[in-house]
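Residue-level structure breakdown
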Amino acid sequence: AGTLNGLGSIRLRTISVGEQTGLARIIRSVREAQGSKAPVQRLVDKISRVFVPAVIVIALITFVVWAAQGADYVALGVLCAVSVLVIACPRALGLATPTAIMVGIGRGAKNGILVKDASALEALSKVDTVCFDKTGTLTYGKPKVILETGGKLLDYIGIWLALEQKSEHPLAKAIVDWCEAKSAIPEVLSSFEYLPGLGVKGIDINGQLFWMGNRALADSIGAKIPDEIAIWEEDALSRGSGVIFAGNAETALGAFELADPVRGDAKETVSRLTKMGVSSVLLTGDRSATARYVASRLGIRDVRAELRPGDKSRIIKELKSAGKVVAMVGDGINDSVALAESDVSVAMGTGSEIAIETARLTLAKGDISDLPTAVSLSASTRRVIKENLFWAFIYNVIGIPVAAGVLYPLDGFLLTPVIASAAMALSSVTVVCNSLRLRSLKL
């Protein structure tokens, strides 16, 4: 779609179109997940619906009360009613939320935190559970082949290169680098299929099936894992490495051990979130042994391994059903549905386009350490919004009775419309200045 073939020819066989395609299903799932979320109802919107009518009523009551004192008080009643309307101008209320949000979003952008919508910035501070994808999120997503086993691997190195060249998974890049380092030349495949959460498979020009992926893929094909390779796999998993099998329709011909270094700031990130009262959950398609090893290094206790893309979304639904406010952090196309299902979705800036498009926040620099900073920014922004609303209301709580003339019978003090307008302007200035504090607050 959208590709031009300038030279040569391409033979295609369409097996699904339109809404039947895998991409269409992902898009449909994302839209359904996004559509199931209730819109954020802002506090200021609720108040504004009754604030303006209430002020008008108070102004009318003020006039009526003063006018009832006699004809000499009618002018005073008009003056007090106008003062009430002027000092109660809801400008400060209107500025309380947007000014804080604007400054907060700007502060986030300065720190490499891109916020797609204001409600996400407000909601992030309410999160009590963060679900992390592993590859590319808690790890660098740049695994390398460090060991391999199987005497027949080199006999089919062109097949392995051809299979993994067609995949965009980070593990595929590691296999491609290994093959190219051995000067491999890709074989011609008559068919290719990418299986999310499993691996890849294809058929060569002789009609033979070859595959590369995890044990679940081998089981689905019916290929046997020889005992010596299975023992080798357990040793690799105990070291926290990932394992990719390579084989044909009958058996696994060999396996690769891949190491994907954990991000240097990942452990500190989990620790900072824990101190903030946020628990961490690791969601990965890797084997349990590898997942537990990585989680132990980072201090994550809740580990969910050997997951398909849909399983991540299901787990997030379960957490939300248990009353948790869940954030999902991911980087790949397989994470897109889970990102959309979460209360707050966060994508790594170095990840796939669909993950970034789905997420409501993006860590542009690809640094996981920016996540606690984003949580802190969200909390600070919400706190400033509450402070702004307090100052906006305190001006009205004090100013409206004074403008109505409650002090006039006591000491003759009367708040004229000129002074009321100055007080109203001062309330707006106070709100704006308080919002600007977000630019210098320590996160």
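The preceding data block contains the structure.
Right, let's walk through the structure included here.

Calculation notes
- Residues numbered from 1 in each chain as written.
- Predicted model: local features only at pLDDT ≥ 70, side-chain atom pairs only at ≥ 80, totals over all residues.
- Heavy atoms only, no water.
- Helix = DSSP H or I, 4+ residues; strand = E, 2+ residues; numbered from the N terminus.
- Buried < 20%, exposed > 50% of the residue type's maximum accessible area, 1.4 Å probe, protein only.
- Polar contact = N/O pair within 3.5 Å; in protein donor to acceptor, adjacent residues only side chain to side chain.
- Contact = heavy atoms within 4.5 Å.
- Core = buried A, V, L, I, M, F, W, Y, C linked by side-chain atoms within 4.5 Å.
- Patch = residues over 30% accessible without salt bridge, like charges linked within 9 Å, V, L, I, M, F, W, Y side chains within 5 Å.
- Areas by Shrake-Rupley, 256 points an atom, 1.4 Å probe, with all protein chains shown as cover.
- Salt bridge = Lys/Arg side-chain N within 4 Å of Asp/Glu carboxyl O.
- Pairing = 2+ DSSP bridges.
- Axes fitted to C-alpha atoms, helices over the stretch in contact; angles between N-to-C directions.
- Right-handed = clockwise from strand over helix to strand, strands pointing away.

Further remarks concern the side chain of N248. Within the fold, N248 resides in strand 7 (residues 242-248). Among the residues examined, N248 registers a relative accessible area of 16% and is labelled buried. Only 3.0 Å separates the side chain of N248 from the backbone nitrogen of E250, close enough to count as a polar contact. A distance of 3.0 Å separates a polar side-chain atom of N248 from the backbone nitrogen of T251. Apart from the residues within four sequence positions on either side, N248 is in contact with L209, F210, W211, A223 and L253.

By size, the foremost hydrophobic cluster in this structure holds 61 residues, and its most contacted members are V130, F132, L298, V329, V344, L361 and L371. The element best represented in this core is helix 16 (residues 370-403), accounting for 11 residues. Each residue touching L298, except ones within four places of it in the same chain, is listed here: L138, V262, A266, K267 and V270.

Our next topic: a nonpolar patch on the surface. The grouping of V52, I56, L60 and L85 at the surface amounts to a nonpolar patch, some 340 Å² of accessible area in total. At 3 residues, the largest contribution of residues to the nonpolar patch is made by helix 2 (residues 43-67). Among the structural elements, L85 can be located in helix 3 (residues 74-87).

So, about the sheet that holds strand 13 (residues 361-363). Spatially, 1-13-12-11-2-9-10 is the arrangement adopted by the 7 strands of the open sheet, whose pairing is mixed. With one partner strand each, in any of the chains shown, strand 1 (113-115) and strand 10 (302-304) form the two edges of the open sheet. Taking each pair of neighbouring strands and ignoring which way they run, the sheet shows an average axis angle of 20 degrees. Sheet topology places strand 12 (residues 344-348) next to strand 13; 3 bridges connect them, and they run parallel. Note on strand 13: the bridge partner recorded for M348 is L363.

Looking now at the pairing of strand 11 (residues 326-330). Of all 5 residues in strand 11, 5 are buried, a share of seventy percent or more. Side-chain alternation along strand 11 places V326, M328 and G330 on one buried face and A327 and V329 on a second face that is also buried. As defined by bridge partners, strand 2 (residues 129-133) adjoins strand 11 across 4 bridges and the pair is classed as parallel. Its bridge partner lying in strand 11, T129 is registered against V326. The pairing of strand 11 with strand 12 spans 4 bridges and is parallel. Its bridge partner being in strand 12, A327 is matched across the sheet by V344. With respect to chirality, the unit in which strand 11 leads through helix 14 (residues 336-341) into the neighbouring parallel strand 12 is right-handed.

Interpretation in functional terms is not warranted from these geometric data alone.
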